[in-house]
Amino acid sequence: MSKELIDAIVDMREEDAVKITAQLLDGGTDPLVVLDACREAMGVIGMRFETGESFISELILAGEILSQISAIVKPRIQKGGAEKKIGKVILGTVQGDIHDIAKDIVGFMLDVNGFEVTNLGVDVPPAKFVEAVKSSGAKIVGLSGFLTLAFDPMKDTVAAIKAAGLNEVKIMIGGGQIDENIRQYTGADAYGKDAMAAVALAKSWS
Amino acid sequence: MFIRPDNWNQMSPLERRKARLDAWQNAPVPFINPQAEANYKERIERLRKIYDMEPHDRPIADPFMGANEYIVRRKGINGKDMVYNHEKLREPLLEFHNEFQPDTSAMPLPYPGKVMDMLDYKSYIWGGQKLPDNLTIQAVEGEYMTGDEYKEFAADPTNFWMKKYLPRVMPTLAPLAMLTEFPRVSENVDIIDLMVPFGLPPFQAMLKTLMEAGDELMKMLAIVGQTGAMIAGAGFPGMGFNIVKTPFDYLGDTVRGTKGILTDMYRRPNDLLAACEAYVPVLINAVISASDRNGAPCALYVLHKGADGFMSQAQFEKFYWSTWKQVMLALYEEGITSYLFIEGSYNNRLENLAQMPEKSLVCHFDKTDMRRVKEVLSDKFIIAGNVPASLMTAGTVDEVRAYCADLVELFEGSSYIMTHGCYFENTTDEKLRAFIDSVKK
Ligand code: B12
C-alpha cells in the first residue's frame with residue numbers, strides 16, 4: 001500500500017494519493033509510515049528534477065499533494081517523530097521582491113536532502129533574516145531574488161548579517177538575474193545557479 | 001494606419017510582409033532638419049535589411065528593452081514620474097537620443113497612472129500609489145477566474161472578459177455585468193434589455209467616470225505621442241510593435257496565476273486546452289486590427305510560462321506551443337512578423353521555433369545558449385539578445401564591451417540585433433555607451 005502511495009504521488013495522481021492515504025490510515029497503518037512514504041516520493045521527484053526529468057509544474061503540484069496529505073496525517077500523530085537533520089537553513093526572497101516559485105523549489109530540494117528549512121517567505125527585510133539566524137542558530141542563509149532591484153536588498157542583508165556579528169554564517173544567493181558578478185557585488189559567500197547547487201553548497205558548509 | 005493594396009488577396013505571406021514593412025518604413029515623420037532625416041533613413045534602412053535578412057553593413061544595438069528606464073532615471077526621473085508625469089520624460093529622452101545616437105528609439109512604456117487610479121486597477125501596483133515613488137510598476141498575481149469557470153470562458157471569451165474579469169480586476173467597471181448578451185438583441189423590444197443598464201444610476205456613474213478617464217487618457221497619449229514624434233523627428237526610428245502574449249500566458253498571468261495554471265495542466269487539462277483554443281481567434285483578430293490601425297509590422301510577445309523548466313517538453317507542445325503556433329502562423333499569413341521576447345531560457349524549445357516559416361520570427365533571448373541559437377535558428381530568423389542585466393548593473397565597462405564583442409562576432413553574417421536579456425534600472429552612462437557603440441564600426 002505504501003508503494004501505491006509513493007507511485008500515486010510520483011505519477012502526479014492527486015486524487016488517488018489522497019484516497020490511498022485515507023485508506024492506509026483507516027486500515028490502521030502508522031501515520032509515520034505514511035509520512036515516510038511521502039518523503040520517499042518527494043525524494044524521487046527531487047532526483048528527477050536534478051536530472052531534468054521533472055519540472056516546476058510537478059514540484060508545485062507535488063507540494064500541494066503533500067500539504068493535503070499532511071493535513072490528514074498530522075492530527076493522528078502522537079508525538080512528532082524527530083528525524084535527524086543535517087543542518088538548518090534560513091531561506092527567503094529579499095525585500096521588495098515577491099518571486100517565490102524558485103525559492104520554494106530550493107526549499108523543497110533542501111528539505112528532501114535532509115536540511116531543516118525555515119522559509120521566511122517573500123519581501124523579507126534584512127532585520128528579519130538576522131532575527132531568524134539568531135533565534136534558530138542556523139549557520140546557512142539562502143537569499144533568493146529575481147529583480148535587478150533585489151541586488152541592493154541582498155547586499156544590505158549580507159551586510160546586516162555581518163554587522164550582527166554572525167560571521168560564521170554562510171550566505172548563498174540565487175535567482176533569475178543573479179550570477180557571479182552579483183555575488184561579488186553583494187558580498188555573499190556563494191552563488192547557486194539552481195536548486196541542486198543550493199543543496200551542494202549547503203552540504204559543503206555542513 | 002495600414003491600407004491593404006487592392007491585390008491583397010492574391011499576395012503571398014512574404015509579399016504581405018513586404019507591404020507592411022514598406023508602409024512602416026515610409027510613414028511620414030516630422031523631421032527637425034535634413035541631417036535628422038538622413039540619419040533616420042540610414043537607420044531605418046539598416047533595420048529594414050535586418051528584418052529582411054539581406055546583407056547589411058553592421059548589426060544594430062537596440063536599447064529599448066533593456067535601458068528604457070535607465071535613460072530617464074539618469075536624469076533624476078523616478079518611477080512615479082513614469083506613471084504620472086509623462087511630460088517630465090520628454091527632455092531627458094531627447095537628451096539621451098542626442099547624446100548617445102542609438103540605432104533605434106527608446107522610451108519607457110506609457111503607463112496611464114491616472115486612468116489606472118480611476119479604474120481602481122488591481123493586478124498591478126505602482127509608484128505614487130502603493131509602491132514607493134522610486135519604483136515604477138509591478139504585477140501582482142491574483143485568481144480572477146476560478147478553475148470551475150474555464151468552461152464559461154471557453155464558451156464565450158469576450159463575454160467572460162467583459163462581465164467577469166474586467167469587473168473583478170477594475171471594480172469601476174463592475175456595472176458592465178449588467179449588460180445583456182448582445183447577440184440576442186434582435187426584435188424591437190429587445191432594445192429594452194439592451195438599454196436598461198444605461199438608464200440605471202450605477203451604470204450611468206460608471207459611464208461618467210469612463211468619459212473622464214478617457215479624457216485623461218487622451219491627454220496622456222497626446223503628450224507621449226508628441227514625445228515619440230519628436231524622437232523620430234530627431235532621426236531615430238522605432239521598432240514597430242503591438243504587444244501580445246500566448247493563450248497560455250494570458251490565462252496564466254492574468255486570471256489563474258503561475259501556480260494555478262501550472263497545476264491546471266494536471267487537474268483540468270481539457271478545460272485548459274479548450275480555453276487556449278478559444279483564445280486563438282480572439283488574438284488573431286486583435287493583433288491584425290491593431291496592426292492595421294497603427295501600422296506596426298511586428299507583434300511583440302512577452303513569453304513567460306513556457307520556458308525551460310516550467311513544464312516538460314510534452315506539456316509545452318500540448319498546452320503552450322500548439323495554440324501559440326496557430327496564432328503566429330495566422331499572423332504570418334497576414335504579413336505580420338512575430339517578435340518573441342523570450343524570458344528565462346529556451347534551450348529545449350529551439351527546435352519548436354525552427355518549425356516556423358523563414359522570416360516569420362524575430363527571436364530575442366535572455367538566458368538561452370546563444371551558440372545553439374546561432375546553430376539552430378540564425379539561418380531562418382532574425383536574432384536578438386542577450387547582454388545580461390547583471391553585467392549592466394554590477395559589471396565593468398570592459399566586461400560589457402567584451403560580452404558585446406563576442407555577440408557581434410558570433411552573429412557575423414546573420415541578421416542580428418544587439419539587445420539586453422531583460423531590463424534594468426541601474427547602470428552607468430559609460431556602460432550604456434559601450435553597449436550602443438559595440439556594433440558601430
Ligand atoms: C513568474 C514571474 C513572475 C510572477 C511571480 C510569481 C511567483 N509567485 O513567484 C509575477 C507575475 C508575480 C511576477 C511579477 C513581477 N515580475 Co516577474 N517574472 C516571472 C518569470 C516569468 C519567471 C520567474 C520564475 O519563477 N522562474 C522559475 C524559476 C524556478 O526558475 P529558475 O531561475 O531557473 O530557478 C532556479 C534558480 O534561480 C535558483 N535559485 C533561485 N533562488 C535561489 C536562492 C538560492 C540561495 C540559490 C542557491 C539558488 C536559487 O534555483 C531555482 C530552482 O532550480 C521571470 C522571467 C523568467 N523567465 O525568468 C520574470 C521576471 C523575473 N520578472 C520581472 C519583473 C520585472 C517583474 C515585475 C516588476 C513585473 C512588472 N513589471 O509588473 C513584477 C515584480 C513583483 C515583485 N515585487 O517581485 C523581470 C525582472 C527584470 C528585472 N530587471 O528586474 C523578469 C526577469 C521578466 C523580464 N524579462 O522582464 N513575475
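Right above here is the structure, for reference.
This section reports on the structure supplied with the text. (Residues numbered from 1 in each chain as written. Chains lettered and ligands numbered in written order. Predicted model: local features only at pLDDT ≥ 70, side-chain atom pairs only at ≥ 80, totals over all residues. Heavy atoms only, no water.)

Another aspect to go through is the sheet that holds strand E5 (residues 190-191) of chain A. All names here are of chain A. As summarised here, the arrangement of the 5 strands in space is E2-E1-E3-E4-E5, forming an open sheet in which the pairing is parallel. Across the chains shown, the open sheet's two edge strands, defined by having one partner strand only, are strand E2 (115-119) and E5. Here 5 bridges tie strand E1 (residues 87-93) to E2, and the two strands are oriented parallel to one another. Each residue of the ladder has a partner; that of Ile 90, found in E2, is Thr 118. Across the sheet, helix H9 (residues 195-204) touches E2, strand E3 (140-144), strand E4 (170-174) and E5, and the angle it forms with E4 is around 175 degrees. (Pairing = 2+ DSSP bridges. Helix = DSSP H or I, 4+ residues; strand = E, 2+ residues; numbered from the N terminus. Contact = heavy atoms within 4.5 Å. Axes fitted to C-alpha atoms, helices over the stretch in contact; angles between N-to-C directions.)

Attention now goes to the interface of chain A and chain B. In this complex, chain A contributes 25 residues to the contact, which on the side of chain B involves 28 residues. The contact between chain A and chain B buries some 2,200 Å² in all, and 59% of this surface belongs to carbon and sulfur atoms. Put simply, chain A and chain B have 4 salt bridges between them. On inspection of chain A and its partner chain B, the count reaches 10 residue pairs in polar contact (both at pLDDT 80 or more). Listed by contribution, the elements that provide at least two residues to the side of chain A that touches chain B are helix H4 (56-73), helix H5 (101-112) and helix H8 (180-186) of chain A. No other element matches the 7 residues that H4(A) contributes to the side of chain A that touches chain B. A class-by-class count of the residues in the side of chain A that touches chain B yields 12 nonpolar, 7 polar and 6 charged. (Buried area = accessible area lost by both parts, 1.4 Å probe. Salt bridge = Lys/Arg side-chain N within 4 Å of Asp/Glu carboxyl O. Polar contact = N/O pair within 3.5 Å; in protein donor to acceptor, adjacent residues only side chain to side chain. Nonpolar A, V, L, I, M, F, W, Y, C, P; charged D, E, K, R; others polar.)

Time to look at the coordination of the cobalt atom of the ligand. What the protein offers the cobalt atom of the ligand as a donor is a single atom, His99(A) (NE2), at 2.3 Å. As for its placement among the helices and strands, His99(A) is situated in the loop between E1 and H5. (Donors = N, O, S within 2.8 Å, 3.2 Å for Na, K, Ca; no water.)

Residues and elements named next belong to chain B. The 7 strands are arranged E1-E9-E8-E7-E6-E5-E4 in an open sheet whose pairing can be described as parallel. Two strands close off the open sheet at either side, each with one partner strand: strand E1 (60-61) and strand E4 (241-244). Across 6 bridges, strand E5 (residues 298-303) lies against strand E6 (residues 337-342) in parallel orientation. Residue pairing across strands places Tyr 301 opposite Leu 340, the latter belonging to E6.

So, on to the packing of helix H6 (residues 90-100) of chain B against helix H11 (residues 201-233) of chain B. Residues and elements named next belong to chain B. Interaxial distance between H6 and H11 falls to 10 Å at its minimum, and their mutual angle equals 15 degrees. It follows that H6 is roughly parallel to H11 by the angle criterion. Seen along the crossing, H6 lies across H11 with a hand that is right-handed. Counted together, Arg 90, Leu 93, Leu 94 and His 97 of H6 and Ile 223, Gln 226, Thr 227, Met 230 and Ile 231 of H11 form the full contact between these two elements. Tallied by class, the residues present in the contact of H6 with H11 amount to 5 nonpolar, 3 polar and 1 charged. (Parallel < 35°, antiparallel > 145°, perpendicular 65-115°, else oblique. Left-handed = near helix turned anticlockwise from the far one by under 90°.)

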